[in-house]
Structure formats: structure tokens, C-alpha cells
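Fold and contact review
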Amino acid sequence: MYSARVFMALLICQITIASFGQSQDLTPLFQEEKPLTIRLKVSLKSIRKDTDDSTFIASTLYYKDGEKTSWDSIPMKIRARGNFRRENCYFVPMRIKLKKGDSKETVFAGNKSLKLVLPCNSVKTADALIMKEYMCYQVYEPVTPYIFNTRLLNITLEDIDKKKTHQMLGFFIEDDDIVADRFHGKVIDSTRVHPLGLHDTTTVRHDLFEYWISNTDWSSVYYHNMKLIKTQKSYIPIPYDFDMSGFVNAPYAKGSAELGTTDSRTRVYRGFCRPEPLVQYVRREYIALEPKMNDIMGQYQSYFDPKEFTSIKKYSDEFFAILKSDQKFKENILQKCRTK
């Protein structure tokens with residue numbers, strides 16, 4: 001057994017190496033943390049009704065890079081993505097496609113496809129909800145190198161149908177293929193890989209993360225809200241879409257009737273059973289990472305009113321309280337893992 005000091009040293013070394021390696025492979029868009037300012041002029045009705053997985057609408061993406069005060073622009077094609085929000089939200093998540101020749105020598109160089117995450121509706125809490133979902137991606141970064149990188153956005157969206165302009169926060173998510181290339185792998189769309197066939201340590205890290213944010217809107221059986229990357233040695237799960245989680249606590253997130261919960265804030269561990277020594281190892285990783293994860297959340301405190309941020313921090317603390325208690329960890333994780 002490693003001593004606590006040796007364990008911490010190994011963990012810090014692992015995180016440092018992984019972070020350094022990843023930073024060398026980021027496209028310009030994701031090398032900068034400062035929010036990018038963009039403007040869209042689109043028909044939300046047409047995007048919702050006239051696009052699907054293969055049908056895009058031609059448009060233009062306007063943006064301000066760095067300290068520029070004037071707008072630059074780049075041609076793009078855009079479509080809606082997802083099902084629930086297409087039916088239930090005023091704004092829908094979108095996918096943007098860019099041509100290599102158009103994006104060359106711009107901040108978008110190297111990105112042929114991007115996911116654009118927008119709030120569901122233009123309510124007072126919209127920006128706070130977006131920020132909480134964005135924070136989920138940020139807090140996952142020190143846990144594993146297998147992540148989707150994101151870029152926060154200040155967005156001006158002009159709905160040409162209603163001739164109305166909206167100001168909002170949003171964020172870009174890098175494309176699946178870029179993540180796969182970073183690890184010399186490829187995206188797997190098949191659901192024939194059994195959950196126990198996924199890389200064991202990475203999967204337990206993933207499953208505990210989903211438990212931390214209280215997300216039940218995912219599946220390692222059907223690979224719902226999870227991309228599977230096949231590397232030379234392993235199958236790697238990478239999560240996305242956290243708006244249904246208890247951490248975000250969106251008004252439309254209702255929990256899971258299948259799992260017997262009516263509140264998205266009720267945590268349910270959905271990971272498959274793994275050898276206990278492995279799960280205990282990842283448990284110690286998370287406990288050691290608590291200060292780092294708290295620091296990351298603290299970086300975005302200014303986006304929330306004090307009461308809201310206190311609630312966010314309290315909810316995270318409840319997760320770590322479970323990890324630090326042998327009895328609670330046994331009852332909530334070890335005895336709740338899936339066998340089928």
C-alpha cells in the first residue's frame with residue numbers, strides 16, 4: 001500500500017504530465033480561457049424545423065478575437081442537435097461546421113465541427129445554469145485527461161423571425177474526432193462493447209464524476225451522453241451534456257423514474273461493479289483532488305449571487321462527505337454498483 005504522501009506525489013505527477021501533454025494538442029480556440037465574443041444572426045424556427053443530423057443551414061459566424069473591437073466573420077453551416085431541448089426549449093443546442101480553408105489563420109483553425117451549448121430559455125437564471133454546466137466540464141479536467149475541452153462565450157443572438165436580439169452566455173465543445181486524434185484513437189459508434197470492457201480506472205473516475213454532479217441522464221450500455229474512444233489498448237468513455245444533472249439543477253431536470261428518484265438532486269451511483277481495491281484507489285484520488293476542484297469552482301464565483309454559489313459549494317461538499325466516510329461510501333457506492 002502506498003503511503004498518503006507517496007500517493008499524493010504520484011497523483012500530482014500524473015495530473016501534471018497529463019495536463020502538459022493535452023495542452024500541446026489544443027487548437028487555438030481552446031488554448032485561451034478568456035470568454036470569446038460571438039454574434040449569430042439566424043432563424044431559430046428554421047434551425048429547429050428544417051435541420052437534422054445531416055441537414056445544415058448556411059450562415060455566418062461573427063466573432064471578436066483578442067482585444068479587437070471590430071467584428072471578424074467566417075462562413076459556417078449550422079443545425080440543431082439533441083431531442084429533448086428541440087421540443088422543450090426556445091433555444092436549441094447547435095452544431096457548427098467550418099471549412100478548413102475558411103478557418104485557416106483564425107482562432108477557429110483546426111476545428112471543422114463544434115458543438116454550441118446555449119441556455120434553454122431567456123430566463124433570469126439562464127446564465128447561471130449555463131455556467132454550472134460549463135463548470136462541470138472544467139472540474140472534470142483534473143480528474144482525467146480524457147475530456148472534451150470547452151470555451152466560454154459571450155453571445156449576441158439575433159432571431160431574424162421575431163426580430164429580437166438576445167444576450168447570453170454559452171460555450172463551444174470541441175469535436176469528438178479531435179479528442180480521438182489527441183489520443184491516437186478513433187470514435188466508436190457501436191454499442192457492442194460491454195461496460196466492463198471499458199478501461200477500468202478511467203471508467204470508475206467517470207462514474208464517480210457523474211455521481212458527484214448527480215447526473216443520471218447517461219448510459220454505459222447504450223452510450224447515451226457518452227462518447228467512446230478506442231485507443232490502441234483501451235476503450236475510453238468521455239462524458240458530455242450535463243444539463244439534466246442535479247449540480248446544474250435546471251427547471252426541466254426531474255430525476256429518473258426508472259431509478260426511483262423524483263428529484264435530480266438525489267444522487268444515484270450508476271457505475272458497474274469493479275474490484276473494490278480499484279474503486280478505493282479512485283476514491284482516494286477524488287479526495288486528494290478536492291482542493292483543486294474547489295479552486296476551479298471558485299474561479300467562477302463572480303458569475304453567481306452569493307446564495308447560489310453557497311448552494312453549489314454545499315452540494316459538492318456533500319459528495320466529498322460521502323467519499324470520506326467508510327460507511328457512507330460503502331452504502332452509496334460499493335453496495336449500489338450495477339451487476340447487469
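Use the structure listed above.
Everything quoted here is computed from the prediction, not taken from an experiment. Residue positions are given per chain, counting from 1 as you read along its sequence in written order. Selection of residues for local features in this predicted model requires a pLDDT of at least 70, selection of side-chain atom pairs for listing and counting requires 80 or more, and totals for whole chains, interfaces and linings are taken over all residues. Excluding hydrogens and water, the side-chain figures rest on all heavy atoms present in the structure.

1. Comments concerning the overall build of the protein
For the record, the criterion: By the criteria applied, helices consist of DSSP H or I runs no shorter than four residues and strands consist of E runs no shorter than two, each listed in order from the N terminus. Between the two quantities, the radius of gyration covers C-alpha atoms and the globule rule is 2.2 Å times the number of residues to the power 0.38. Note on exposure labels: buried denotes an accessible area under 20% of the residue type's maximum, exposed denotes more than 50%, and partly exposed covers the range between, all computed with a 1.4 Å probe on protein chains only. Two residues qualify as a contact provided that any one of their heavy atoms is within 4.5 Å of a heavy atom in the partner residue. Residue burial considers only the protein chains on display, and all accessible areas are found by Shrake-Rupley using a 1.4 Å probe. Working convention for charge: Lys and Arg count positive, Asp and Glu count negative, and His plus the chain ends are omitted. Just so you know, the charge point we use is NZ for Lys, CZ for Arg, CG for Asp and CD for Glu.
The helix and strand tally for the protein stands at 11 helices and 10 strands. A compact globule built from 340 residues should have a C-alpha radius of gyration of about 20 Å, and the protein, at 20 Å, falls within 12% of that. Classification of the 340 residues of the protein by burial places 53% in the buried group. By sequence separation, contacts in the protein at least 24 residues apart represent 68% of the contacts at least 6 residues apart. As presented, the protein carries roughly 16,800 Å² of accessible surface, and 50% of it is formed by carbon and sulfur atoms. Charge centroids of the protein, computed over 51 positive and 42 negative side chains, lie 2 Å from each other.

2. Remarks on the sheet that holds strand β10 (residues 235–239)
Convention followed: One bridge is not enough; two strands pair if DSSP finds at least two bridges between them. Note on geometry: axes are lines fitted to C-alpha atoms, helical ones only across the stretch in contact, with angles between N-to-C directions running from 0 to 180 degrees.
Spatially, the 3 strands line up as an open sheet ordered β8-β9-β10, and their pairing is antiparallel. The sheet terminates laterally at β8 (186–188) and β10, the two strands that pair on one side only. Averaged over all neighbouring strand pairs, the angle between strand axes comes to 40 degrees, with direction disregarded. Here strand β9 (residues 226–230) runs beside β10; their pairing, made up of 5 bridges, is antiparallel. Its bridge partner being in β10, methionine 226 is matched across the sheet by proline 239. Strand contacts of helix α8 (residues 200–212): β9 and β10, with the helix running at about 20 degrees to β10, the strand carrying the most contacts.

3. Observations concerning the state of the cysteines
To keep things clear, this is the line we draw: Disulfides are defined as cysteine sulfur pairs within 2.5 Å.
This structure, assessed with the given rule, holds 2 disulfides. The disulfide partner of cysteine 89 is cysteine 120, and the S-S distance across this bridge is 2.1 Å. Across the disulfide from cysteine 89 to cysteine 120, rotation about the S-S bond amounts to roughly -100 degrees, and the bridge is consequently left-handed. Taken together, the positions of cysteine 89 in the loop between α4 (84–88) and β4 (94–97) and cysteine 120 in the loop between β5 (113–117) and α6 (126–140) put the pair 31 residues apart, joining distant regions of the chain. A residue is classified by how much of its surface remains accessible, and cysteine 89, at 6% relative accessible area, is buried. One disulfide in the model links cysteine 273 with cysteine 337; its S-S distance is 1.9 Å. On the sign convention where negative is left-handed, the bridge of cysteine 273 and cysteine 337, at about 90 degrees about the S-S bond, is right-handed. Of the two residues, cysteine 273 sits in the loop between β10 and α9 (276–298) while cysteine 337 sits in the segment after α11 (326–334), which places them 64 residues apart along the sequence. Look at cysteine 273 and you get partly exposed, because its relative accessible area is 29%.

4. Here's the deal with the pairing of strand β2 (residues 57–64)
Sheet topology note: the strand β1 (residues 36–42)/β2 ladder contains 4 bridges and is antiparallel. Each residue of the ladder has a partner; that of threonine 37, found in β2, is lysine 64. With 7 bridges connecting them, β2 and strand β3 (residues 72–80) associate as antiparallel partners. Residue pairing for β3: serine 59 is matched across the bridge by methionine 76.

5. Comments concerning the pattern of salt bridges
Inclusion rule: Salt bridges are identified by distance alone: a Lys or Arg side-chain nitrogen within 4 Å of an Asp or Glu carboxyl oxygen.
Following the criterion strictly, the structure yields 13 salt bridges and no others. Between arginine 267 and glutamate 318 there is a salt bridge, with the nearest N and O atoms lying 3.9 Å from each other. Here arginine 267, found in the loop between β10 and α9, pairs with glutamate 318, found in helix α10 (residues 306–324); they are 51 residues apart in sequence, far enough to count as distant. On the basis of relative accessibility, which here comes to 36%, the residue glutamate 318 falls in the partly exposed class. In this structure, the salt-bridge partner of lysine 324 is glutamate 290, at a minimum N-O distance of 2.7 Å. Taken together, the positions of lysine 324 in helix α10 and glutamate 290 in helix α9 put the pair 34 residues apart, joining distant regions of the chain. Judged by its relative accessible area of 12%, glutamate 290 falls in the buried class.

6. Digging into the pairing of β4
Sheet topology note: the β3/β4 ladder contains 4 bridges and is antiparallel. Bridged to lysine 77 within β4 is lysine 97. The pairing of β4 with β5 spans 4 bridges and is antiparallel. Counted as the bridge partner of methionine 94 is leucine 116 from β5.

7. Comments concerning the packing of aromatic side chains
Short version of the rule: To pair, rings of Phe, Tyr and Trp, with the six-membered ring standing in for Trp, must have centres within 6.5 Å; the planes then decide the type, stacked if under 30 degrees apart, edge-to-face if over 60, and tilted in the middle. Here, a charge over a ring is recorded when the distance from Lys NZ or Arg CZ to the ring centre is within 6 Å and its angle to the ring normal is within 35 degrees.
Per the counting criterion, the structure on display carries 21 aromatic pairs. With 6.1 Å between their ring centres and 75 degrees between their planes, tyrosine 211 and tyrosine 269 make a pair best called edge-to-face. Pair noted here: tyrosine 211 is in helix α8 and tyrosine 269 is in the loop between β10 and α9, with a separation of 58 residues, a long-range link. Tyrosine 269 matches tyrosine 211 in its accessibility class, with the two residues each being buried. Taking the ring centre of phenylalanine 148 as reference, the NZ or CZ of lysine 115 above it sits at 5.7 Å. A cation over a ring is seen here: arginine 267 above tyrosine 315, with NZ or CZ 3.9 Å from the ring centre.

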